[in-house]
Amino acid sequence: MDSLENGIPEDLAMLSGNGRDEMMGPVFGFSLEEVSSQNQVKTSVQRRIRQSIQDEYPGLETVMEDLLPKKSPLIVVKCPNHLTLVVVNNVPLFFCIRDGPYMPTLRLLHQYTGYRVNSMSHNIRDPNIMKRFQVDRGAIKFVFSGANIMCPGLTSPGGVLDEEVDAERPVAIYAEGKQHALAIGFTKMSAKDIKSINKGIGVDNMHYLNDGLWKMERLD
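Along every chain, residues carry numbers that run from 1 in the direction the sequence is written. Only residues with pLDDT of at least 70 are given local features in this predicted model, and only at 80 or more are side-chain atom pairs given and counted; all residues enter the totals for whole chains, interfaces and linings. Note that water and hydrogens are dropped before the side-chain values are worked out from all heavy atoms of the structure.

- The name an unreviewed UniProt entry gives the protein chain is PUA domain-containing protein, with Brassica cretica as the organism.
- According to the UniProt record, the Subcellular location (unreviewed entry) comment for the protein chain reads "Cytoplasm". UniProt positions are given in the numbering used here, feature names are shortened, and annotations may be inferred rather than shown by experiment.

The following block contains the structure:
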């Protein structure tokens with residue numbers, strides 16, 4: 001995958017920018033100094049987290065041992081704004097807000113995007129880890145500012161909805177004409193309602209390119 005030094009895919013690099021005046025979202029300003037606790041979880045808790053992630057993202061089943069090895073310590077990191085990180089080998093891999101579902105970081109999602117599954121390889125990559133929505137070009141700058149995603153940005157020409165997605169589900173947010181996801185979202189209404197109501201916030205922007213979580217590649 002072609003990328004810049006900070007890991008931003010080249011197809012998104014010209015769009016992202018390094019700072020916005022209207023930063024929003026639960027992890028936009030997150031930094032290592034704000035971590036409130038780090039705890040290695042018991043085997044039973046680790047098993048429960050693994051199963052929860054596997055149930056949410058069946059496409060990851062073949063790589064779960066690579067992502068969350070049973071013999072490697074799994075660290076749960078508590079942060080401000082009710083943010084919890086799942087960390088393995090000092091790398092944040094998943095996050096959740098309050099008691100919501102675990103969601104992959106964008107770095108993890110990018111790592112497993114754009115490749116066909118090869119069951120004979122240890123480096124299996126699945127292009128369909130998450131359900132995906134696509135915003136039109138006009139919405140891109142707002143997503144990069146951390147703004148939540150409005151229904152018209154998903155229903156206008158250039159926007160794409162997966163109509164099987166229900167309310168309160170994690171989705172990957174892509175941009176018209178781009179290969180890699182620019183945000184991880186959490187639906188406020190079902191895709192069918194987004195299409196029919198077509199006003200207000202359709203998806204909460206939980207984590208986006210160049211926010212605080214993106215910038216934290218490791219917790220050393």
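## Structural notes on the sheet that holds strand β9 (residues 183-187)
1) Next: Reading across the sheet, the five strands line up as β6-β8-β9-β10-β7 and stay open at both edges, with mixed pairing between neighbours. With one partner strand each, in any of the chains shown, β6 (132-135) and β7 (149-150) form the two edges of the open sheet.
2) Next: The rule for pairing is simple: two strands pair if DSSP sees at least two bridges between them. Secondary structure elements follow DSSP: runs of H or I no shorter than four residues count as helices, runs of E no shorter than two count as strands, and numbering proceeds from the N terminus. As defined by bridge partners, strand β8 (residues 170-175) adjoins β9 across four bridges and the pair is classed as antiparallel. Paired with I173 across the two strands is A183, which belongs to β9.

## Observations regarding the nonpolar core
1) Next: L68, F94 and F133 are the most contacted members of the largest nonpolar core, which has 65 residues in total.
2) Next: Among residues more than four places away in sequence, those in contact with L68 are R50, I53, L74, V86, V88, L93 and F94. Put simply, a nonpolar core is a bunch of buried Ala, Val, Leu, Ile, Met, Phe, Trp, Tyr and Cys residues held in one set by side-chain atoms that sit within 4.5 Å of each other. Here's how the labels work: a residue is buried when its accessible area is under 20% of the maximum for its type, exposed when over 50%, partly exposed in between, all with a 1.4 Å probe on protein chains only. What makes two residues a contact is simply this: any of their non-hydrogen atoms within 4.5 Å.

## So, the pairing of strand β4 (residues 91-97)
1) Next: Burial of β4 is extensive: six of the seven residues sit out of reach of the surface.
2) Next: Hairpin connection between strand β3 (residues 83-88) and β4: a loop of two residues separates the two successive antiparallel strands, and N89 in this loop has a positive phi of roughly 55°.
3) Next: Inspection of the sheet shows β4 paired to strand β5 (residues 103-104) by two bridges, in the antiparallel sense. Each bridged residue has a counterpart across the sheet, and for F95 the counterpart in β5 is M103.
4) Next: In this structure, the hairpin formed by β4 and β5 is closed by a connection of five residues, where R98 is found at a positive phi of approximately 55°.

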